[in-house]
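Residue strings, one per chain:
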Amino acid sequence: MNILVVNGSPSGKNSITLHTALYLEKKFPDQKFTYLDAASRIHGLQKDFSPAAEALSGADMILFSYPVYTFIATSQLHQFIRLIKENNVDLKGKVASQITTSKHFYDITAHNYVRDNCFDLGMNYIPGLSADMDDLLKEKGQKEACEYFKHLLWCVRNKVFERQVLHERKPLVEEVDVPRTHVQPKNDKDVVILVDSSNTNPTLDAMVRRFQSKLPFKTRVIDLGTFGFKGGCLGCFRCAATGHCIYKDGFEDLLRNSIQKTDSIIMAFNIQDHSMGVRFKLYDDRQFCNGHRTVTTGMPMGYIITGNLDAEENLRMIIAGRGQVGGNYIAGTATNQTDPEKEIDQLALNLEYALDTGLQRTSNFLGIGGMKIFRDLIYLMQGMMKADHRYYKSHGLYDDFPQKQRGTIFKMKLVGILMNSPKLMAKAGDKVTEGMVGPYRKVVDNA
Ligand SMILES: Cc1cc2nc3c(=O)[nH]c(=O)nc-3n(C[C@H](O)[C@H](O)[C@H](O)COP(=O)(O)O)c2cc1C
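All figures in this text were calculated on a predicted structure; none of them were measured in a lab.

Quick notes on the rules
Sequence order as written defines residue numbering, which begins from 1 separately in each chain. Confidence filtering applies because this is a predicted model: local features only for residues at pLDDT of at least 70, side-chain atom pairs given and counted only at 80 or more, and all residues used for totals across whole chains, interfaces and linings. Only hydrogens and water are removed before side-chain values are computed, so all heavy atoms of the structure are retained for them. One side-chain nitrogen of Lys or Arg within 4 Å of one carboxyl oxygen of Asp or Glu is enough to make a salt bridge. In DSSP terms, a helix is any run of H or I states spanning at least four residues, a strand is any run of E spanning at least two, and both are numbered starting from the N terminus. Each residue is placed in one exposure class: buried if its accessible area under a 1.4 Å probe, protein chains only, is under 20% of its type's maximum, exposed if it is over 50%, and partly exposed if it falls in between. Note that patches include only residues with greater than 30% relative accessible area and no salt bridge, and the join distances are 9 Å for like charges and 5 Å for nonpolar side chains (Val, Leu, Ile, Met, Phe, Trp, Tyr). For the accessible areas, the method is Shrake-Rupley and the probe is 1.4 Å, while residue cover comes only from the protein chains on display. For each domain, the first and last residues come from an automatic or database assignment. We call two residues in contact whenever any of their non-hydrogen atoms come within 4.5 Å of each other. Note on definitions: buried area is the accessible-area loss of two parts on being combined, 1.4 Å probe, summed for both. Under this definition, polar contacts are N or O atom pairs within 3.5 Å; protein pairs additionally need one hydrogen-donor-capable and one acceptor-capable atom, and for neighbouring residues in sequence, both atoms have to be side-chain atoms.

**Here we look at the pattern of salt bridges**
Per the counting criterion, the structure on display carries 29 salt bridges. Its salt-bridge partner being arginine 82, residue aspartate 273 comes within 2.7 Å of it at the nearest N-O pair. One end of the pair, aspartate 273, is in the loop between β9 (264-270) and α10 (278-286); the other, arginine 82, is in helix α4 (residues 75-86), with 191 residues separating them in the sequence. Under the relative-accessibility criterion, arginine 82 is labelled buried at 16%. Linking arginine 293 and aspartate 388 is a salt bridge whose minimum nitrogen-to-oxygen distance equals 2.6 Å. Within this pair, whereas arginine 293 is found in the loop between α10 and β10 (301-306), its partner aspartate 388 is found in helix α14 (residues 386-394), the two being separated by 95 residues in sequence. You'll find arginine 293 and aspartate 388 in the same group, each marked buried. Shared partners join several salt bridges into a network, and the residues in it are Arg82, Lys85, Glu86, Asp120 and Asp273.

**Notes on a nonpolar patch on the surface**
Taken together, the side chains of Phe410, Leu414 and Ile417 define a hydrophobic patch exposed on the protein surface, amounting to about 340 Å² of accessible area. Take phenylalanine 410: it is sitting in helix α15 (residues 406-420).

**Points about the domain arrangement of the chain**
Here the domain parsing of the chain yields domain 1 (2-158), domain 2 (190-363), domain 3 (366-398) and domain 4 (405-446). Just the C-alpha atoms count here: the centres of domain 2 and domain 3 sit 23 Å apart. Listed by partner, the interface residues are 15 residues for domain 2 and 15 residues for domain 3. Between domain 2 and domain 3 the total buried area reaches about 1,300 Å² when both faces are included, carbon and sulfur atoms providing 71% of it. For the domain 2 face of the interface with domain 3, the top three residues by lost area are His292, Arg293 and Val325, together amounting to 48%. Taken together, the connections running from domain 2 to domain 3 amount to one salt bridge. Put simply, domain 2 and domain 3 have five residue pairs in polar contact (both at pLDDT 80 or more) between them.

Structural data, given as structure tokens:
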């Protein structure tokens, strides 16, 4: 088979992920591998996509190889997928799969994103390999990579492909009334609305204006579409040590002084390729200069979206996950699926409540699981990620390491001894569960 490895890492030849593909090439000499540096050559491909189109058309299988970047694929791979679609490259019937490396933090949403785009392109998709960035260095990881690939070839031979889940896509509402007058502003809060003028439409613009007129706070619109980004995150990791990005294009100042210092951030975007669009993704990736520090914890956020969000299960998980990991209450996701005016008004109302009361929500699995991965990662990499380590220490983010909770471990040992003894258990009877619920009963009694 002609296998085209689309390298979506901005690190190009120095991509860790790419080395899994290179390893597989050596292990499976009967297959023909070719490589396309999609991310590191993205500026050139934006000018002339024909070399990529030719490579894609000549392949039997497209293997996307990329690092997970902030819940999805890199902004460069987003751009590449956009270019495939804009250039109408016909990939129907070709086989697609993917290899990522990451720390498994939201690798699931990255894989779903690439899978959903493969389905858009009419490709036969086979689930990919999600490896930890260190896996290839271990025998177990090497074996897993080979087993993935062996199974991949078997799936191709036997035509075992993943079934596309079809979601109903409703016709969208395009008309949105924008009131002429603004509700009386309270002037004690500042809300930033992030937009992308390179991927917008009149409905989204009207929804943003309606939101501004209904929210009783001052709003500032920041256009990511016209901001002079020098480029997408290069994955150079320099910021991990210094806290500063190597690009000097003013983004750090915009992020730290104009965006993060506000009281609430609203993201207004048009769904594109199952995501928030290339520019928003670039904005997300470039926030890596902020490391893994959840500096906007407690800040309520909201979304204004055009497109069929209900049909975008993965994008909804990304929105929920980001709010959860960041410690941000999501005041709403207003869309134009059925009644944009009502949804906008509710978002404005609910955000007002959240800002007035400092509303917070407890974290669920998406937040707690994500933060545990971050906690372990930063602790391990404290020598390099110094600013993150200081932040995690000072904000008590290491306090939930289980080995630190000696009292609970000791108590549970005693409970274990009790429960392993039939004699003691017979004596204790109902007192075991009663003992467990006792402290809770006390709280209710004292309420
Ligand atoms: C901007 C940026 C964002 C990242 N986001 C994630 C993430 O969301 N989840 C994760 O597990 N790892 C994340 N990582 C770690 C990379 O996925 C990991 O380092 C990967 O192995 C790099 O592969 P590459 O050398 O092929 O580019 C991120 C790294 C960078 C630079």
